[in-house]
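What follows is the residue order along each chain.
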Amino acid sequence: MAEDMKTIRQKLQAATMEELPVLFLQYEMDPRTGVHKEIEKARRRIAAYEKELARMEEIKKYEREYSACAHICGIDEVGRGPLAGPVVAGAVILPKDCDILYINDSKKLSEKKREELYEVILEKAVAVGLGYSTPKRIDEINILQATYEAMREAVGQLSIVPDLLLNDAVTIPEVAIRQVPIIKGDAKSISIGAASIVAKVTRDRLMVQYDEVYPAYGFAANKGYGAQMHIEALKKYGPCPIHRKTFITHFCEV
């Protein structure tokens, strides 16, 4: 008796990439159109997986280029543009044989995918460091210098001293470790992409917590960026303690 469609669909959906070709052989002679549609879906899944493997090999090119270095650290920051909240920097050293898929510029990933990858990165990374610069510090020394401070702190929080820093676009002052700045590095280097994800998830979670303390500004949704609701709340209520005073002079008195 032929298997029902639901069973076949479940088998194809649950199968690993290695198991799928065997199932194709098993079901490709089935005359039912529905079966062939499910097989085609599975073939597309294999094609997408192979495309992702190729992309991951491409974004490991800097890590391969500097493979003589024992510990390569990716550095990235999140939160230079918002009107409120800290800037957060991430520093991540991945293992040489890192097999984590889907790492990318955190802005190109869904919130769900970022959260999933955050947990995997923390589990598999050789070392992870985080650095923060508060809104007050941003106002004191400007956002660029505050970003550099956060990046230096992130490197300093690593449990292992890296041999090389791969940075997203910038060269960090007052750091003795060799640095390689890479334009749009969070999409070109697996290490920088991992740092981008760690920094983004960390900062987003902080802004959700701030939303509970200062609910008028919609921080859980806008993460401190200049969304319309946020700007309207600024005009109505004025700033709260986590606003960057030097960023909001066009919207309210500080």
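Residues numbered from 1 in each chain as written. Predicted model: local features only at pLDDT ≥ 70, side-chain atom pairs only at ≥ 80, totals over all residues. Heavy atoms only, no water.

Section: unusual backbone geometry
Phase 1 of the analysis: Phi angles above zero are rare outside glycine, and Asn 142 is one such case at about 85°.
Phase 2 of the analysis: Within the fold, Asn 142 resides in the loop between α6 (135-141) and α7 (143-156).
Phase 3 of the analysis: Despite not being glycine, Lys 184 shows a phi value in the positive range, around 55°.
Phase 4 of the analysis: Along the chain, Lys 184 falls in the loop between β5 (178-182) and α8 (190-213).
Phase 5 of the analysis: Using a relative accessible area of 60% as the deciding quantity, one classes Lys 184 as exposed. (Helix = DSSP H or I, 4+ residues; strand = E, 2+ residues; numbered from the N terminus. Buried < 20%, exposed > 50% of the residue type's maximum accessible area, 1.4 Å probe, protein only.)

Considering the environment of Glu 57
Phase 1 of the analysis: For Glu 57, the position within the fold is in helix α3 (residues 33-58).
Phase 2 of the analysis: For Glu 57, a relative accessible area of 42% corresponds to the partly exposed category.
Phase 3 of the analysis: Considering only alpha carbons, one finds Glu 57 and Leu 109, 52 residues apart in sequence, at a separation of 18 Å.

Topic: the nonpolar core
Phase 1 of the analysis: Core analysis: the biggest nonpolar cluster contains 20 residues, and Cys 73, Ile 75 and Leu 158 have the highest contact counts within it.
Phase 2 of the analysis: Going through the elements one at a time, β1 (72-78), β2 (87-93) and α7 are the ones with two or more residues in this core.
Phase 3 of the analysis: When residues of this core are assigned to their parent elements, the largest contribution, 7 residues, is made by α7.
Phase 4 of the analysis: If near-sequence neighbours (up to four positions away) are discounted, Leu 158 is found in contact with Cys 73, Ala 91, Ile 93, Ala 127, Val 128 and Gly 129.
Phase 5 of the analysis: Among the nonpolar cores identified, the runner-up in size contains 19 residues, and Met 56, Ile 121, Ala 125 and Ile 197 belong to it. (Core = buried A, V, L, I, M, F, W, Y, C linked by side-chain atoms within 4.5 Å. Contact = heavy atoms within 4.5 Å.)

So, the pattern of salt bridges
Phase 1 of the analysis: Summed over the entire model, instances satisfying the criterion amount to 19 salt bridges.
Phase 2 of the analysis: A salt bridge links Lys 60 to Glu 57; the shortest N-O distance between them is 3.9 Å.
Phase 3 of the analysis: Glu 58 is paired through a salt bridge with Lys 61; the nearest N and O atoms lie 3.3 Å apart.
Phase 4 of the analysis: Taking relative accessible area as the criterion, Glu 58 reaches 44% and is therefore assigned partly exposed. (Salt bridge = Lys/Arg side-chain N within 4 Å of Asp/Glu carboxyl O.)

Things to note about helix α10 (residues 228-237)
Phase 1 of the analysis: Along α10, the positions that sit buried rather than exposed are His 230, Ile 231, Ala 233 and Leu 234. Summarising the axial view, the buried residues of α10 lie within an arc of 160°, below the 170-degree limit, and thus occupy one face. Summarising the geometry of α10, the exposed residues directed more than 90 degrees from the buried face are Gln 228, Lys 235 and Lys 236.
Phase 2 of the analysis: Residues of α10 that are buried in the fold lie against α9 (219-222). (Arc of directions from axis to C-beta.)

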